[in-house]
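Survey of secondary and tertiary structure
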Amino acid sequence: MAATGDYTIASLDTGLRAMRLFLTHDTLTVTEAAGHLSVGRSTAHRVLSTLESRGFAIRDTSGRGYAAGPELVRLGRPAGFGRTARDRLGPVLEDAAGRTGETVWSVALIGDQVIVTDGRESPHPVRVALELGRTGPAHAGSGGLLLLSRMSADQVCALYPDEELEAVTPATLSSRTALLDELAVIRRRGHAVSRGASVPGMTTIAVALAGSSWRDRLALVAAAPADRSGDAALAERAERLRESATLLAPVPPP
């Protein structure tokens, strides 16, 4: 909605419009921002620099552009909770539960935390329980690690300013250096694995669900007891999750 009336503050309006750009663009150069905002490059540079100083934007890894900062990520409404999103995810979760035979769920990233948005429980007598709405540190589970791997290293470092990380269990990644190394492996491999990092005796594996930006990306997770999660079983589970992920329907037009 366009701002109108005598009470509009032009610079604030430009800054707010710049923030909205990060909801649909993973990165923006000064030139791109100037074009989208219909302002000069110097104005776009000042606006982006101001957002950066307040944590709403950060420099991307190339050094030539900007990405959403931790403050803007925290403000983003989690994906996967609305009725439309749940209707889209339902067939994916049903298929994934059938293909893997294990408990499956979807998670969204909120800052450095993840939240379980929906899921289906395994029929096995011994299974991982589904806990809708459960939150936890993103670095302590496969879903969070998968979503963090879709961000730039600079964005991850902004979310984790300290080298020491919270250890949920003895298997949790305990340093930012180890986290960045693991995220690099996940990017190459295409899926994330967590062995007892959030709950002892539980192994989870996660793949990405389609999303146009950090705001609407979700991870599809399968969770099982460790004794059903050897290397061969995990490799097969990852492939089955990828097959299920392809069933995600396109986002309907507004």
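Note that the coordinates shown come from a computational prediction; the quantities given were computed from them, not determined experimentally.

Comments concerning the overall build of the chain
Regarding its fold elements, the chain presents nine helices and nine strands. A burial count over the chain gives 46% of its 254 residues as buried. In the chain, the share of contacts with a sequence separation of at least 24, taken over all contacts with a separation of at least 6, comes to 57%. Here the chain has roughly 12600 Å² of accessible surface; of this, 54% comes from carbon and sulfur atoms.

Quick notes on the pairing of strand S8 (residues 202-209)
Along S8, seven of the eight residues are buried, which leaves the element largely enclosed by surrounding structure. The sheet contact formed by strand S7 (residues 192-195) and S8 spans four bridges and is antiparallel. Looking at S8, one finds that Ser194 is bridged to Thr204. The hairpin turn running from S7 into S8, its antiparallel successor, is six residues long, and Gly196 in that turn takes a positive phi close to 70°. Both S8 and strand S9 (residues 218-225) contribute to a ladder of eight bridges, which runs antiparallel.

Side note on the pairing of strand S5 (residues 113-120)
Two faces make up the sheet, and in a regular strand the side chains alternate between them. In terms of residue burial, S5 counts as a mostly covered element, since six of its eight residues are buried. Where strand S4 (residues 103-110) and S5 come together, seven bridges link them in antiparallel fashion. Among the inter-strand pairings, Ala108 is bridged to a residue of S5, identified as Ile115. Counted along the chain from S4 to the antiparallel partner S5, the turn is two residues long, and its residue Gly111 has a positive phi close to 60°. Note: S5 against strand S6 (residues 135-137), three bridges, orientation antiparallel. For Ile115, the partnering residue across the bridge sits in S6 and is Thr135.

Overview of unusual backbone geometry
Notably, Ser38 is not glycine yet its phi reads approximately 60°, a positive angle. The residue Ser38 is located in the loop between helix H2 (30-37) and helix H3 (41-53) in this model. On the basis of relative accessible area, Ser38 is assigned to the exposed category, the value being 68%.

Details of the sheet that holds S8
Strands sit in the order S6-S5-S4-S9-S8-S7 across an open sheet of six strands; the sheet is antiparallel. In this open sheet, the two strands that pair with only one neighbour each are S6 and S7. Direction aside, neighbouring strands of the sheet carry axes that sit 30° apart on average. Against the sheet, helix H5 (residues 83-100) engages S4, S5, S8 and S9, with an angle of about 75° to S5.

Notes on the sheet that holds strand S2 (residues 57-59)
Strand order in this open sheet of three strands is S1-S3-S2, and the pairing throughout is antiparallel. Strands with a single pairing partner mark the edges of an open sheet, and in this sheet they are strand S1 (27-29) and S2. Here the average twist between neighbouring strands, direction ignored, is 35°.

Quick notes on the pattern of salt bridges
Applying the stated criterion to the full structure yields 15 salt bridges. A salt bridge links Asp118 to Arg86; the shortest N-O distance between them is 3.6 Å. Separated by 32 residues along the polypeptide, Asp118 in strand S5 and Arg86 in helix H5 bring together distant segments of the chain. Given the relative accessible area of 4%, Asp118 is considered buried. According to the relative accessible area criterion, Arg86 is partly exposed, its value standing at 32%. With a closest N to O distance of 3.6 Å, Glu239 and Arg242 form a salt bridge. Here the residue Glu239 and the residue Arg242 both occupy positions in helix H9 (residues 231-245), the gap between them amounting to three residues, near one helical turn. Its relative accessible area of 41% is what places Glu239 among the partly exposed residues. Linked by salt bridges that have partners in common, Arg86, Glu94, Asp118 and Arg120 make up one network.

What counts, and at which threshold
- Residues numbered from 1 in each chain as written.
- Predicted model: local features only at pLDDT ≥ 70, side-chain atom pairs only at ≥ 80, totals over all residues.
- Heavy atoms only, no water.
- Helix = DSSP H or I, 4+ residues; strand = E, 2+ residues; numbered from the N terminus.
- Buried < 20%, exposed > 50% of the residue type's maximum accessible area, 1.4 Å probe, protein only.
- Contact = heavy atoms within 4.5 Å.
- Areas by Shrake-Rupley, 256 points an atom, 1.4 Å probe, with all protein chains shown as cover.
- Pairing = 2+ DSSP bridges.
- Axes fitted to C-alpha atoms, helices over the stretch in contact; angles between N-to-C directions.
- Salt bridge = Lys/Arg side-chain N within 4 Å of Asp/Glu carboxyl O.

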